[in-house]
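# Inside the fold
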Amino acid sequence: MTAVMWFRRDLRLADNPALLDAVAAGDGRVLGVFVVDPLLWERSGDPRRDHLAASLRSLSDSMGGPLVVRRGDPATVVPAIADEIGAASVHVSADYGPYGQQRDQEVEASLKCPLRRTGSPYAVAPGRVLNQQGRSYQVFTPYFKAWLAHGWRQPVEAPSDVTWVKASGEELPPGDGAGEQAALQHWKAYLDDIAAYDDERDRPDLDSTSRMSVPLKYGEIHPRTMLADLARKRSAGAEAYRRELAWREFCADLLARHPHAAWKPLRPEFDKMQYDEPGELFDAWCVGRTGFPIVDAGMRQLAETGFMHNRVRMVVASFLVKDLHVHWRFGARWFMKTLRDGDLASNSLNWQWVAGCGADAAPYFRIFNPVSQGQKFDPDGEYVRRWIPELRHLDGKTAHEPWRYGADAYPDPIVDHGEARAEALRRYAAIR
Ligand SMILES: Cc1cc2nc3c(=O)[nH]c(=O)nc-3n(C[C@H](O)[C@H](O)[C@H](O)COP(=O)(O)OP(=O)(O)OC[C@H]3O[C@@H](n4cnc5c(N)ncnc54)[C@H](O)[C@@H]3O)c2cc1C
């Protein structure tokens, strides 16, 4: 009999336990399918769609051609394909997101054969890291310690003896630069420089973070493959990197336990927080014309490349919520449309962290000053000059205060940071 491997966020052959199970269940005969779900497709912006298409092409090539791509509601498409080939079972790596869990239950209910979930996109599956009372964590540092103590399995090899079964499906457009091999190559090259990560990761001008969020998002690499490599490197950089991977897992753990956290505050008192409607100020934020260079550089980097450095994500998010007083949900939606690594758990929980309403959130009253953040983390102004041509004539740090040094083509600040900060604190005091 043949087994179906339904690929979702695991677009790779190596270190893929669900695929190994499919190979075992099908005695080596496996049909690999990816379902383009119109609901998820509509919600994604072009950066994510482009990357997905290129990654599917790469996966299909590494299988030797026959990845079956079909479009439609997975609850109809997956049972139909399983029926077509008389599948013994359908195999997936478990999805812990709110939509994914519900979708998988619907698919399971419509299938005539079993749906088998093996592994997940995380080193430790959401819900597994518990304290001594059997409860989950609300705060990162104890979660991180327990996550380390829990540990994870070693990576597994790609199956060597698969007969890929063919079926009709959509043509894949040509594409390159994505996929498992590209991800592994990029990661191995990055590992050589990882010692500097600890010191440099907060500096957007140095651009020295790994950019692995994109391959992780699509499962072109499994985090435990990365963790196994990190364990062989003994440096503060490797340690710091492992901690960041744990943040990704913490976000997924939180969202699995609190599905409403995708769009609603984890701290219920923030339901009463007063926000302004997203109008012209929000539009200026989206296109990078707020008059605050570090904010605008980040938003323009995002628009042009589908990526933004983590420190700058924190600054632009804080600016939207605490200087423009717009609900974090609007910013989170914009990010999901424009980021190539847009991931519901990491995105919403980080937005909530910045907005002060998440688990283990940054204290609300600690409001980023966009000018001093720029001066501190982009000390020579290189990052802002890279993304804002109107500021290229300004030397060094002066690029962070164009209103003092002159930049005619660049907008004046759209708010007074001191006044906006005081207003944010007033609104916060009202809900406490
Ligand atoms: C407002 C906001 C929104 C965000 N939205 C997303 C998102 O949609 N998708 C996403 O993958 N990350 C998101 N992040 C987290 C982080 O900014 C990115 O993971 C990181 O910038 C990706 O770049 P990198 O791979 O070079 O990071 P590196 O510094 O090289 O980090 C290594 C890996 O650790 C993980 N990681 C690092 N920081 C975090 C973090 N704070 N939370 C969760 N995981 C982390 C990522 O998987 C990352 O690839 C967001 C952060 C903020 C503040």
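- The protein goes by Deoxyribodipyrimidine photo-lyase in an unreviewed UniProt entry, where it is assigned to Kribbella pratensis.
- Of the comments in the UniProt record for the protein, the one headed Catalytic activity (unreviewed entry) reads "cyclobutadipyrimidine (in DNA) = 2 pyrimidine residues (in DNA)."

## Observations regarding the layout of surface pockets
- Each pocket or cavity is described by its volume, and for the largest pocket that value is around 1200 Å³.
- Taken together, the elements giving at least two residues each to the lining of the largest pocket come down to helix H9 (213-218), helix H11 (236-257), helix H14 (310-323) and helix H16 (344-355).
- A per-element tally of the lining of the largest pocket places H11 first, with 10 residues.
- Along the lines of polarity and charge, the residues of the lining of the largest pocket split into 21 nonpolar, 10 polar and 12 charged.
- For the lining of the largest pocket, the domains that each give at least three residues are domain 2 (121-155 + 181-257) and domain 3 (268-431).
- The computed volume of the second largest pocket comes to approximately 1000 Å³.
- Lining the second largest pocket are 41 residues, with Arg9, Leu40, Arg48, Tyr99 and Lys217 sitting closest to its centre.
- At the level of secondary structure, the elements contributing two or more residues to the lining of the second largest pocket comprise strand E2 (29-36), helix H2 (38-43), helix H3 (46-63), helix H5 (98-110), H9, H11, helix H15 (328-338) and H16.
- Broken down by class, the residue content of the lining of the second largest pocket amounts to 25 nonpolar, 4 polar and 12 charged.

## Concerning the site of the ligand
- Taken together, 27 residues sit near the ligand, with Tyr197, Thr209, Ser210, Arg211 and Asn310 positioned nearest.
- Measuring from an oxygen atom of the ligand, one finds a backbone N or O atom of methionine 212 at 3.0 Å.
- Within the side chain of asparagine 350, an N or O atom sits 2.9 Å from a nitrogen atom of the ligand.
- Taken by itself the ligand offers 820 Å² of open surface, and the protein chains cover 97% of this.

## Let's talk about the domain arrangement of the protein
- What the domain assignment lists for the protein is domain 1 (3-120), domain 2 (121-155 + 181-257) and domain 3 (268-431).
- For domain 1 and domain 2, the distance between their C-alpha centroids amounts to 25 Å.
- At the interface, 14 residues of domain 1 touch 18 residues of domain 2.
- Together, the buried faces of domain 1 and domain 2 total about 1600 Å²; carbon and sulfur atoms form 49% of this surface.
- For the pair domain 1 and domain 2, the number of links is 1 salt bridge.
- Aspartate 15 serves as the salt-bridge partner of arginine 224, at 2.7 Å between the closest nitrogen and oxygen.

## With respect to the side chain of arginine 8
- Relative to the elements of secondary structure, arginine 8 occurs in the loop between strand E1 (3-7) and helix H1 (17-25).
- You can call arginine 8 buried: its relative accessible area is 11%.
- Of the polar contacts made by the side chain of arginine 8, one reaches the side chain of aspartate 104; its length is 2.8 Å.
- Sequence-distant contacts of arginine 8, defined by excluding residues within four places in its chain, comprise Phe34, Val92, Ser93, Ala94, Asp95, Arg103 and Asp104.

## A word on the nonpolar core
- Counting 48 residues, the largest nonpolar core has Trp285, Val295 and Trp351 as the members making the most contacts within it.
- Sorting the residues of this core by element identifies helix H12 (280-287), helix H13 (293-305), H14, H15, H16, helix H18 (382-387) and helix H20 (417-431) as the ones contributing at least two each.
- With 8 residues, H14 is the largest single contributor of residues to this core.
- With sequence-adjacent residues up to four places away left out, tryptophan 351 is seen in contact with Trp285, Ala317, Leu320, Val321, Trp328, Gly331, Ala332 and Phe335.
- Ranked by size, the runner-up nonpolar core spans 36 residues in total, among them Val129, Leu245, Leu266 and Leu349.

## Describing the packing of aromatic side chains
- Tallied over the full model, the rule gives 22 aromatic pairs.
- Across from the ring centre of tryptophan 263, 5.5 Å away, lies the NZ or CZ of arginine 333, which sits over that ring.

## Re H13
- Here H13 spans 18 Å end to end across 13 residues, near enough to the 18 Å set by a 1.5 Å rise per residue.
- Of all 13 residues in H13, 10 are buried, a share of seventy percent or more.
- Residues Pro293, Ile294, Val295, Asp296, Ala297, Gly298, Met299, Arg300, Gln301 and Leu302 constitute the buried set of H13.
- Residues of H13 that are buried sit in contact with H12, H14, H15, helix H17 (370-377), H18 and helix H19 (402-405).
- Once H13 ends, the next one or two residues include glycine 306, with phi positive near 80 degrees.

## Quick notes on the packing of helix H4 (residues 74-85) against H5
- Where H4 contacts H5, the axes come no closer than 8 Å and their chain directions differ by 40 degrees. By the criterion of interaxial angle, the relationship of H4 to H5 is oblique. The two elements H4 and H5 cross, and the hand of that crossing is right-handed. Residues Pro74, Ala75, Val78 and Pro79 of H4 pack against Arg103, Glu106, Val107 and Ser110 of H5.
- Considered class by class, the residues forming the contact of H4 with H5 number 5 nonpolar, 1 polar and 2 charged.

## Quick word on the UniProt feature "domain: Photolyase/cryptochrome alpha/beta" (unreviewed entry) in the protein
- According to UniProt, the feature "domain: Photolyase/cryptochrome alpha/beta" (unreviewed entry) maps to residues 1-130 in the numbering used here.
- Here residues 1-130 runs as 45% helix and 18% strand, with 40 Å between its end C-alpha atoms.

Parameters at a glance
- Residues numbered from 1 in each chain as written.
- Predicted model: local features only at pLDDT ≥ 70, side-chain atom pairs only at ≥ 80, totals over all residues.
- Heavy atoms only, no water.
- UniProt positions renumbered as here; feature names shortened; annotations may be inferred.
- 1 Å grid on protein atoms, 1.4 Å probe; cavity = no way out; pocket = protein on both sides within 12 Å on 5 of 7 lines; lining within 4 Å.
- Points joined across faces, edges and corners; volume = space filled by probe spheres on them.
- Helix = DSSP H or I, 4+ residues; strand = E, 2+ residues; numbered from the N terminus.
- Nonpolar A, V, L, I, M, F, W, Y, C, P; charged D, E, K, R; others polar.
- Domains from an automatic or database assignment.
- Near = heavy atom within 4 Å.
- Polar contact = N/O pair within 3.5 Å; in protein donor to acceptor, adjacent residues only side chain to side chain.
- Areas by Shrake-Rupley, 256 points an atom, 1.4 Å probe, with all protein chains shown as cover.
- Contact = heavy atoms within 4.5 Å.
- Buried area = accessible area lost by both parts, 1.4 Å probe.
- Salt bridge = Lys/Arg side-chain N within 4 Å of Asp/Glu carboxyl O.
- Buried < 20%, exposed > 50% of the residue type's maximum accessible area, 1.4 Å probe, protein only.
- Core = buried A, V, L, I, M, F, W, Y, C linked by side-chain atoms within 4.5 Å.
- Phe/Tyr/Trp six-rings, centres within 6.5 Å; stacked < 30°, edge-to-face > 60°.
- Lys NZ or Arg CZ within 6 Å of the ring centre and 35° of its normal.
- Expected span 1.5 Å × (residues − 1).
- Axes fitted to C-alpha atoms, helices over the stretch in contact; angles between N-to-C directions.
- Parallel < 35°, antiparallel > 145°, perpendicular 65-115°, else oblique.
- Left-handed = near helix turned anticlockwise from the far one by under 90°.

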